[in-house]
Amino acid sequence: TDLAEDASPRPAQCPPSPAWVGTPPYLAPEMLHEGVRLTRATDIYQLGGILYELLTTKPPHAVTGRARLEASILASPPELPPDVEPELVALVHKAMHANPDCRHASVAEFQRELRDYGQHPASKRLLPAVHPVAYTHLCAHETDLARACR
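Per chain, the residues get numbers from 1 upward, laid out in the order the sequence is written. With the structure being a predicted model, the display of local features is reserved for residues of pLDDT at least 70 and the display and counting of side-chain atom pairs for 80 or more, all residues being used for whole-chain, interface and lining totals. As a rule here, side-chain values cover all heavy atoms of the structure and leave hydrogens and water aside.

A. Molecular detail of the overall build of the protein. Helix and strand definitions here come from DSSP, where helices need a minimum of 4 consecutive H or I residues and strands a minimum of 2 consecutive E residues; each element is numbered from the N-terminal end. Regarding its fold elements, the protein presents 6 helices and 0 strands. Helices (α) and strands (β) of the protein occur, in sequence order from the N terminus, as α-α-α-α-α-α. Counting across all 150 residues of the protein, residues that qualify as buried make up 43%. With residues, only the protein chains shown are counted as cover, and all accessible areas are computed by Shrake-Rupley using a 1.4 Å probe. As displayed, the protein offers around 8000 Å² of accessible surface, 56% of which is attributable to carbon and sulfur atoms. Summary of the burial criterion: residues with accessible area below 20% of their type's maximum are buried, those above 50% are exposed, and those between are partly exposed, where the area comes from a 1.4 Å probe applied to protein chains only.

In structure tokens:
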């Protein structure tokens, strides 16, 4: 698929160039540049993208066409709906910050903040709407990632 020419309403499904490896709607800004070393911060960005989708039911960069996709990624973090709790907005925005140095220092830190939110009274009405199994899986996945990154 040539994403530069793709005018369909669906999000991009495949990399628009050989330099891009990954699922385009979840690419971190640093993944757009060939030869850039990917780090733990890249993984944290993508965890933020998963949380974004859990909260909005759509991928973080759900646009069509290469130019719009690149612009959306470079303008990270994507906006969340106004009804999302401020603590979750802050968590997603930090994880998906355009500058890798401004993201969570570790997967464990991301996990801790997500779990802390799980103790927040507002989360009691949100988490059932998100999907408890997905939330539990995300927390378990982060633990596995945290161990692998040590």
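Additional details are given in the paragraphs that follow.
B. Representation of the environment of Gly-49 within the structure. Following the sequence through the fold, Gly-49 ends up in helix 1 (residues 40-56). A sequence separation of 29 residues divides Gly-49 from Pro-78, and the C-alpha atoms of the two residues are 9.2 Å apart. Note on definitions: a residue-residue contact is assigned when non-hydrogen atoms from the two residues lie within 4.5 Å. Apart from residues no more than four positions distant in its own chain, Gly-49 is found in contact with Tyr-26, Pro-60 and Met-96.

C. Representation of the side chain of Ser-76 in the model. Tracing the sequence through the fold places Ser-76 in the loop between helix 2 (66-74) and helix 3 (86-95). Overall, the relative accessible area of 9% leaves Ser-76 in the buried class. In this view, Ser-76 contacts Pro-29, Tyr-45, His-61, Met-96 and Ala-98; residues no more than four positions away in its chain are not counted.

D. Layout of the packing of helix 1 against helix 4 (residues 107-118). At a minimum axis distance of 9 Å, the contact between helix 1 and helix 4 shows a crossing angle of 25°. As summarised for this structure, helix 1 and helix 4 are arranged roughly parallel, according to the angle between their axes. Touching Arg-40, Ile-44, Leu-47, Gly-48 and Leu-51 of helix 1 are Val-107, Phe-110 and Leu-114, all from helix 4. All residues other than Ala, Val, Leu, Ile, Met, Phe, Trp, Tyr, Cys, Pro, Asp, Glu, Lys and Arg, Gly among them, are scored as polar; the first ten of these are nonpolar and the last four charged. By residue class, the composition of the contact of helix 1 with helix 4 is 6 nonpolar, 1 polar and 1 charged. Orientation is described by axes fitted as lines to C-alpha atoms, over the contacting stretch for helices, and by angles from 0 to 180 degrees between their N-to-C directions. Note on terminology: angles under 35 degrees are roughly parallel, angles over 145 are roughly antiparallel, angles of 65 to 115 are roughly perpendicular, and the others are oblique.

E. View of unusual backbone geometry. The amide bond that connects Ser-76 to the next residue, Pro-77, takes the cis arrangement and shows omega of 0°. With a phi angle near 65°, Thr-57 is a residue other than glycine that sits in the positive phi range. Inspection of the secondary structure puts Thr-57 in the loop between helix 1 and helix 2. In this structure Thr-57 comes out as exposed when scored by relative accessible area, which is 69%.

F. Molecular detail of the packing of helix 1 against helix 3. Where helix 1 contacts helix 3, the axes come no closer than 8 Å and their chain directions differ by 145°. Pair helix 1 / helix 3 crosses with left-handed handedness. Note on element contacts: helix 3 touches helix 1 through Leu-88, Leu-91, Val-92 and Ala-95, opposite Ile-44, Tyr-45, Gly-48, Leu-51, Tyr-52 and Leu-55. Along the lines of polarity and charge, the residues of the contact of helix 1 with helix 3 split into 9 nonpolar, 1 polar and no charged. Each crossing gets its hand from how the near helix is turned against the far one by less than a right angle, where anticlockwise is left-handed and clockwise is right-handed.

G. Structural context of the nonpolar core. Throughout this description, the term nonpolar core refers to a set of buried Ala, Val, Leu, Ile, Met, Phe, Trp, Tyr and Cys residues connected via side-chain atoms within 4.5 Å. Counting residues in hydrophobic clusters, the biggest one holds 24 residues, and the most contacted among them are Leu-51, Leu-55, Leu-80, Val-92 and Phe-110. At the level of elements, helix 1, helix 2, helix 3 and helix 4 are the ones that each hand at least two residues to this core. If one sorts the elements of this core by residue count, helix 1 sits on top with 6 residues.

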